[in-house]
Amino acid sequence: DMEIVQKLWHDDIARYELSKENIDIINVKCHDLKHRLKELRLDVPQVTLLAHELKKEGIPIPDGILTKEELREALDVYRQNFA
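Not measured: the values here are computed from a predicted model.

### Describing helix α2 (residues 44-56)
Step number 1: Here α2 spans 18 Å end to end across 13 residues, near enough to the 18 Å set by a 1.5 Å rise per residue.
Step number 2: If you follow the buried residues of α2, they end up packed against α1 (2-39) and α3 (68-82).
Step number 3: Phi turns positive, to about 90 degrees, at G58, one or two residues after α2.

Now the structure itself:
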């Protein structure tokens, strides 16, 4: 029984460490994204609103996080269709 408890405890620690590593990776990516948006003079709410408005106009925008290229492509499509 003690072996089972120890194995479960070690498994718990391993899951915790993996979760912690994943959270750290996500935090770094969010931090980087925040700085990239700041360089473009945009913030997350602005980009979210822009993507929503482009979708409402029928511009195909993938769900999830957009790359700069995807956002530029969507804006180009919008300009071609509605400018």
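### Brief notes about the nonpolar core
Step number 1: Grouped together as the largest cluster of nonpolar side chains are six residues: A51, L54, I59, I61, L71 and A74.
Step number 2: Looking at this core, the elements that each hand over two or more residues are α2 and α3.
Step number 3: With residues near it in sequence (within four places) discarded, A74 still touches L54, I59 and I61.

### A closer look at the pattern of salt bridges
Step number 1: Scanning the entire structure with this criterion turns up four salt bridges.
Step number 2: For D11, the salt bridge goes to K7, with nearest N and O atoms at 3.3 Å. One end of the pair is D11 and the other is K7, both in helix α1 and four residues apart, which spans about a single turn.
Step number 3: Exposure remark for K7: the relative accessible area of 52% places this residue in the exposed category.
Step number 4: Measuring nitrogen to oxygen at the nearest pair gives 2.6 Å for the salt bridge that ties R15 to D12. Of this pair, R15 and D12 both sit in helix α1, three residues apart, roughly one helical turn.

Reading the values: the criteria
- Starting afresh in each chain, residues are numbered from 1 along the sequence in its written order.
- Where local features are concerned, this predicted model is filtered to residues with pLDDT of at least 70; where side-chain atom pairs are given and counted, the filter is 80 or more; whole-chain, interface and lining totals use all residues.
- Hydrogens and water are ignored here; the side-chain numbers use all heavy atoms of the structure.
- Helix and strand assignments follow DSSP, with helices taken as H or I runs no shorter than four residues and strands as E runs no shorter than two, numbered in order from the N terminus.
- Expected span of a helix: the number of residues minus one, times 1.5 Å.
- Whether two residues are in contact is decided by their heavy atoms, any of which lying within 4.5 Å being enough.
- In this description, a nonpolar core means a group of buried Ala, Val, Leu, Ile, Met, Phe, Trp, Tyr and Cys residues linked to one another through side-chain atoms lying within 4.5 Å.
- Only protein chains enter the accessibility calculation, which uses a 1.4 Å probe; a residue is then buried when its area is under 20% of its type maximum, exposed when over 50%, and partly exposed in between.
- Any Lys or Arg side-chain nitrogen found within 4 Å of a carboxyl oxygen on Asp or Glu counts as a salt bridge.

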